[in-house]
Amino acid sequence: MTAPALSALSALLGDRFSTARPVCAAHAQSETHIRTGLPDAVVFPETSAEVAAILRICAAHRLPVIGWGAGTSLEGHALPLHGGVSVDFARMNRVLSVSPEDMLVRVQPGITREDLNRELRATGLFFPVDPGANASLGGMAATRASGTTAVRYGTMRDAVLGLEVALADGRLIRTGTAAPKSSAGYDLTALFVGSEGTLGLITELTLRLHGQPEAVSAAVCAFASMAAAVDCVIETIQSGLPMARIEFLDPAAVAACNAHAQQNLPLAPHLLVEFHGSPAGVAEQAARFGEIAESHDCTGFRWAEKPEERSALWKMRHAAYPACLASRPGATAIVTDVCVPISKLAEAVEETRADIAESGIPGPILGHVGDGNFHAILLIDAESPAEAATAKALASRMAERALRLGGTVSGEHGIGMGKLAYMQAEHGDAWTVMGTLKQALDPRNILNPGKLVPPHDAG
């Protein structure tokens, strides 16, 4: 069934269809430790109509279809578990319209968040969801991404007002509207946001924008313990201070960032914070945060008010992953995230740190403490099956710990196939309902099979 489908796709797309091994190999790797085989082909559509036509061909021949964005996912979301066709959205990267009065933008899925914000500079608006990587917006919606600014601006769940989606049978549907709210029927937008390409391929997004802040102020400060840092965060949130970012680095992550970015931060738990608003508002918020931090015995408190100072601070934070990799030359990483209620964050991090220390492998921890989300970068010798097994066991215990503390096995990395084993424990019968929705919308199981939902046979 594969050859006729590939022939039809080649006729449809011409030189935007490829079976070349280097092209296919590039769509079988990402920043994850998970490995699969190659896709049978890679296609590069330029319009929604072409995506729909691709799906009609693949549905007729029961050929798997996997959406591909920037390729930065960490749980194998976009890898071809069963071969098939990788649909690369790199050529669907335009801003379709901007509505400054409504603070909305319509975009194609292949545009990245940084490119969108460059396009928006003259409008006085910006798109705030910042997962760190320069990810494509279709992929960010498909994985319900968030990141450093979620504590102030929310996640992709909050940012996406509407979608155009190509279904498994080739139908194009629109979900949501440009209106600020609606009570008309099922919230299909929310259904597709976070569905990881298992229910349809996103071909257009309507996104909520925010005003560019007049003033920005950032700071970094150290604490004697994780508990003291988290208590500072909780008091800051309860006091109503509108933080734009509040990030955490444990001592191992600080050491890696110091070496990589030539910084000299004390080797202690650190918070990195940022406030957005008017000059007077930001100054007041910054002063109040400073008072709260001092009441929790912070040390090394340092404000970064100049743009170049703030840029260096957040560049250091966003480069934490390569910094941690560089701290163990030749290592690879198994990276995992969990999210817990903020009241349980210190407990979760301290237990995880103790577990990592006992394991004997390095594992710096960092995270978005404002919403209870943290990541462990488990550094292993790529040639050591024993270390890989140890890291996977650590990641499994992190997931179990998060569930025990009332949290989730993933705050933002998603499920893909890397965390499929934990879905039953987190969702119970609700996971079966997810599978039922999948079967209803994709009865032949061609859309990203083997990911997110319970396995099912094609109808």
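A brief structural summary. (Residues numbered from 1 in each chain as written. Predicted model: local features only at pLDDT ≥ 70, side-chain atom pairs only at ≥ 80, totals over all residues. Heavy atoms only, no water.)

Looking at the overall build of the protein chain
How we decide: Helix and strand labels come from DSSP, where a helix needs a run of H or I of at least four residues and a strand needs a run of E of at least two; each type is numbered from the N terminus. All radius of gyration figures rest on C-alpha atoms, and the globule criterion is 2.2 Å times the number of residues raised to 0.38. Remark: exposure states derive from per-residue accessible area (1.4 Å probe, protein chains only) relative to the maximum for the residue type, with buried under 20%, exposed over 50%, and partly exposed in between. Residues count as neighbours in contact if any of their non-hydrogen atoms are within 4.5 Å of one another. We get accessible surface area from the Shrake-Rupley algorithm with a probe of 1.4 Å; when it comes to residues, only the shown protein chains can shield them.
Within the protein chain, the secondary structure is distributed over 17 helices and 18 strands. Computed over its C-alpha atoms, the radius of gyration of the protein chain comes to 22 Å, within 12% of the 23 Å expected for a compact globule of 459 residues. Over its C-alpha atoms, taken along the principal directions, the protein chain stretches across nearly 70 × 55 × 40 Å. Within the protein chain, the fraction of its 459 residues that count as buried is 55%. Relative to all contacts within the protein chain whose residues are 6 or more apart in sequence, the contacts with residues 24 or more apart total 71%. Looking at the protein chain as shown, the accessible area adds up to about 18,900 Å², and 52% of this sits on carbon and sulfur atoms.

Description of the packing of aromatic side chains
Quick note on the threshold: Stacked, tilted and edge-to-face are the three classes assigned to paired rings of Phe, Tyr and Trp, where Trp is represented by its six-membered ring and a pair needs centres within 6.5 Å; plane angles under 30 degrees give stacked, over 60 edge-to-face, the rest tilted. Whether a charge sits over a ring comes down to the Lys NZ or Arg CZ being within 6 Å of the ring centre and within 35 degrees of the ring normal.
Applying the stated criterion across every chain yields a total of 4 aromatic pairs. Ring centres 6.1 Å apart and planes at 40 degrees place the aromatic pair Phe289 and Phe301 in the tilted group. Here Phe289 is found in helix α11 (residues 279-295), whereas its partner Phe301 is found in strand β15 (residues 299-304), with 12 residues between them in sequence. In this structure Phe289 comes out as buried when scored by relative accessible area, which is 0%. Overall, Phe301 belongs to the partly exposed group, its relative accessible area being 27%. Every member of this aromatic cluster is reached through a ring pair, and the members are Phe275, Phe289, Phe301 and Trp303. The positively charged end of Arg245 is found above the aromatic ring belonging to Trp314, 4.8 Å away from the centroid.

What about helix α1 (residues 2-13)?
This is how it is decided: An expected span of 1.5 Å times one less than the residue number is assigned to each helix. Directions are taken from the helix axis to each C-beta atom, and the arc is the one they span.
Its 12 residues give α1 an end-to-end C-alpha distance of 16 Å, which sits within 8% of 16 Å, the value for a rise of 1.5 Å per residue. Listing the buried residues of α1 in full gives Ala5, Leu6, Leu9 and Leu13. For α1, the arc enclosing every buried residue in end-on projection is 95 degrees, short of the 170-degree limit, so these residues lie on one face. In α1, the exposed positions that point more than 90 degrees away from the buried face belong to Ala3 and Ala11. For α1, the secondary structure elements touched by its buried residues are β1 (17-18), β2 (41-43), α3 (48-60) and β4 (85-88). Where α1 ends, the next residue or the one after it, Gly14, has phi of about 60 degrees, a positive value.

Here's the deal with the sheet that holds strand β3 (residues 65-68)
What counts here: Two strands qualify as a pair provided DSSP detects at least 2 bridges between them.
The strand order β1-β2-β4-β3 describes an open sheet built from 4 strands, whose pairing is mixed. Edge strands, defined here as strands with exactly one partner in the open sheet, are β1 and β3.

Let's talk about the sheet that holds strand β12 (residues 215-222)
Stated formally: Axes here refer to lines fitted to C-alpha atoms; in helices the fit is confined to the stretch in contact. Angles between the N-to-C directions go from 0 to 180 degrees.
Reading across from one edge, β15-β12-β14-β13-β17-β18-β16 is the order of the 7 strands in this open sheet, with antiparallel pairing throughout. Both edges of this open sheet fall to β15 and β16 (331-339), since each of them pairs with a single strand only. Ignoring which end each strand starts from, the neighbouring axes of this sheet average 15 degrees apart. Where β12 meets β15, 4 bridges bridge the pair, whose relative direction is antiparallel. Opposite Ala219, over in β15, you have Trp303 as the bridge partner. Sheet contacts for helix α9 (residues 226-238): β13 (243-249) and β14 (270-277); angle to β13, the most-contacted strand, approximately 170 degrees. Its contacts with the sheet place helix α15 (residues 385-404) against β16 and β18 (373-381), and it is angled at close to 165 degrees to β18.

A few points about the side chain of Thr148
Applied cut-off: Within 3.5 Å is the distance limit for a polar contact, defined as a pair of N or O atoms, with the added protein rule that one can donate a hydrogen and the other accept it, and that residues adjacent in sequence qualify only through two side-chain atoms.
In this fold, Thr148 is placed in the loop between α5 (137-142) and α6 (150-153). A polar atom in the side chain of Thr148 sits 2.7 Å from the side chain of Arg245. Sequence-distant contacts of Thr148, defined by excluding residues within four places in its chain, comprise Asp130, Ala244, Arg245, Ile246, Glu247, His318 and His368.

Re the nonpolar core
Basically, it comes down to this: Among buried residues, those of type Ala, Val, Leu, Ile, Met, Phe, Trp, Tyr and Cys that are joined through side-chain atoms within 4.5 Å constitute a nonpolar core.
Ranked by size, the top nonpolar core spans 44 residues in total, and within it Phe223, Leu271, Phe289 and Leu378 carry the most contacts. Beyond its immediate sequence surroundings of up to four residues, Phe223 is in contact with Ala228, Ala229, Cys232, Ala268, Pro269, Leu271, Ala293, His296 and Cys298. If you look at the next biggest cluster of nonpolar residues, it comprises 27 residues, including Ala141, Ala142, Val165 and Leu199.

Some points on the pattern of salt bridges
Defined as follows: In what follows, salt bridge is the name for a side-chain nitrogen of Lys or Arg lying within 4 Å of a carboxyl oxygen of Asp or Glu.
Applying the stated rule across the entire model yields 22 salt bridges. Of the charged contacts in the structure, one is a salt bridge between Arg401 and Asp355, with a shortest N-O distance of 3.3 Å. Placement of the pair is Arg401 in helix α15 and Asp355 in helix α14 (residues 345-359), with a sequence separation of 46 residues. Counted as one network, the salt bridges with shared partners bring together Arg113, Glu114, Asp130, Arg245 and Glu274.

Some thoughts on α11
Over its 17 residues, α11 extends 25 Å from the first C-alpha to the last, a length consistent with the 24 Å expected when each residue adds 1.5 Å. Buried within α11 we find Gly281, Val282, Gln285, Ala286, Phe289, Gly290, Ile292 and Ala293. With its buried residues spanning 165 degrees around the axis, α11 presents them on a single face. With respect to the buried face of α11, the exposed residues turned more than 90 degrees away are Ala280, Glu284 and Glu294. The elements touched by buried residues of α11 are β12, α9, β13, β14 and β15. At the exit of α11 stands Asp297, carrying a positive phi of roughly 60 degrees.

Some remarks on the state of the cysteines
Our working rule: Any pair of cysteine sulfurs within 2.5 Å is marked as a disulfide.
Evaluated as defined, the whole model comprises 0 disulfides. With no disulfide of its own, Cys221 lies 4.9 Å from the sulfur of Cys298, the closest cysteine sulfur. Judged by its relative accessible area of 0%, Cys221 falls in the buried class.

Remarks on the packing of α14 against α15
Defined as follows: Roughly parallel covers angles under 35 degrees, roughly antiparallel covers those over 145, roughly perpendicular covers 65 to 115, and oblique covers all other angles. By definition, any crossing whose near helix is turned counterclockwise from its far helix by less than a right angle is left-handed, and any crossing with a clockwise turn is right-handed. Polarity classes work like this: nonpolar for Ala, Val, Leu, Ile, Met, Phe, Trp, Tyr, Cys and Pro, charged for Asp, Glu, Lys and Arg, and polar for all others, with Gly in that last group.
At their nearest, the axes of α14 and α15 sit 11 Å apart, and the two run at 160 degrees to each other. Our classification of the angle between α14 and α15 gives roughly antiparallel. Crossing handedness for the pair α14 and α15: right-handed. Touching Glu347, Ala348, Glu351, Thr352, Asp355, Ile356 and Ser359 of α14 are Thr390, Leu394, Arg397, Met398, Arg401 and Arg404, all from α15. For the contact of α14 with α15, the per-class residue count stands at 4 nonpolar, 3 polar and 6 charged.

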